[in-house]
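Working through the structure, step by step
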Amino acid sequence: MTDTTARVRELNLYRQYFDLVAAGTKTIEVRVKYPHLADLAAGDTIRFRIKGTDETCDVKVKRVTVYPDFEALLDGEGPANVNPTATRDQQLTNIRAIYPPEKESLGALAIEIQLSRL
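Bear in mind that the values here come from a model prediction, so they are computed numbers and not experimental data.

Concerning the pattern of salt bridges
Overall, the coordinates contain 18 salt bridges when judged by the stated rule. Among the salt bridges present, the one from Arg47 reaches Asp58, with a minimum N-O distance of 2.8 Å. On the criterion of sequence distance, the pair formed by Arg47 in strand 3 (residues 45-49) and Asp58 in strand 4 (residues 56-67) is long-range, its members being 11 residues apart. Residue Arg47 is classed as partly exposed on the basis of its relative accessible area of 26%. Its salt-bridge partner being Arg88, residue Asp75 comes within 2.8 Å of it at the nearest N-O pair. Highlighted residues: Asp75 in helix 2 (residues 70-77) and Arg88 in helix 4 (residues 88-98), separated in sequence by 13 residues. Among the charged side chains, a network of salt bridges with common partners joins Glu71, Asp75, Arg88, Asp89, Arg96 and Glu104.

Dropping the structure here:
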């Protein structure tokens, strides 16, 4: 018997990305393939929180795809799905400012999300 109970994960998000998720225009969340995210799967819920605030936004995970690096992720998912307000090159610079090379070397996760309307 398998456990099919959907889980809720809490993840911090910067304001600029939180606003895009809350508006429903950001459909791909980018994360490093950290061990604590290894079992993230379709059907799970992510509760994004702006660090230091009570502001949250719940999304449903539709799909998780692993890429070797951020460039492959942006090419595979399309930059407009990750951040519709920035070019591919701007996004690559911004993502790498958050995650240094040693983190990127762990692999990149493209998490397809859908805003939960409660």
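Moving on, there is more to tell.
Concerning the nonpolar core
Grouped together as the largest cluster of nonpolar side chains are 17 residues, with contacts concentrated most on Val21, Ile46, Phe48, Val59 and Ile111. When contributions to this core are tallied by element, the ones reaching two or more residues are helix 1 (15-23), strand 3, strand 4 and strand 5 (108-115). The greatest single-element share of this core, amounting to 4 residues, is contributed by strand 5. Among all residues touching Val59, those that are not within four sequence positions of it are Val21, Asp44, Thr45, Ile46, Phe48, Ile113, Gln114, Leu115 and Ser116. Counting 13 residues, the second-largest nonpolar core is a separate cluster that includes Leu74, Ile95, Ala108 and Ala110.

Observations concerning the environment of Leu106
Relative to the helices and strands, Leu106 resides in the loop between helix 5 (101-104) and strand 5. Relative accessible area serves as the criterion here: at 41%, Leu106 is assigned to the partly exposed category. Between the C-alpha atom of Leu106 and that of Tyr67, which follows or precedes it by 39 residues, the distance is 9.7 Å. Setting aside chain neighbours within four positions, we find Leu106 in contact with Val32, Lys33 and Tyr34.

Description of the packing of helix 2 against helix 4
Between helix 2 and helix 4, the shortest axis-to-axis distance is 10 Å and the interhelical angle comes to 140°. On the basis of the axis angle, helix 2 is oblique to helix 4. The two elements helix 2 and helix 4 meet at a crossing, and its hand is right-handed. Contact with helix 2, carried on its side by Phe70, Glu71, Leu74 and Asp75, involves Arg88, Gln91, Leu92, Ile95 and Arg96 of helix 4 and no other residues of that element. Grouping the constituent residues of the contact of helix 2 with helix 4 by class yields 4 nonpolar, 1 polar and 4 charged.

With respect to the environment of Asn94
Residue placement: Asn94 occurs in helix 4. Linking Asn94 and Ala42, residues 52 residues apart in sequence, is a C-alpha distance of 26 Å.

Thresholds applied
Residues numbered from 1 in each chain as written. Predicted model: local features only at pLDDT ≥ 70, side-chain atom pairs only at ≥ 80, totals over all residues. Heavy atoms only, no water. Salt bridge = Lys/Arg side-chain N within 4 Å of Asp/Glu carboxyl O. Helix = DSSP H or I, 4+ residues; strand = E, 2+ residues; numbered from the N terminus. Buried < 20%, exposed > 50% of the residue type's maximum accessible area, 1.4 Å probe, protein only. Core = buried A, V, L, I, M, F, W, Y, C linked by side-chain atoms within 4.5 Å. Contact = heavy atoms within 4.5 Å. Axes fitted to C-alpha atoms, helices over the stretch in contact; angles between N-to-C directions. Parallel < 35°, antiparallel > 145°, perpendicular 65-115°, else oblique. Left-handed = near helix turned anticlockwise from the far one by under 90°. Nonpolar A, V, L, I, M, F, W, Y, C, P; charged D, E, K, R; others polar.

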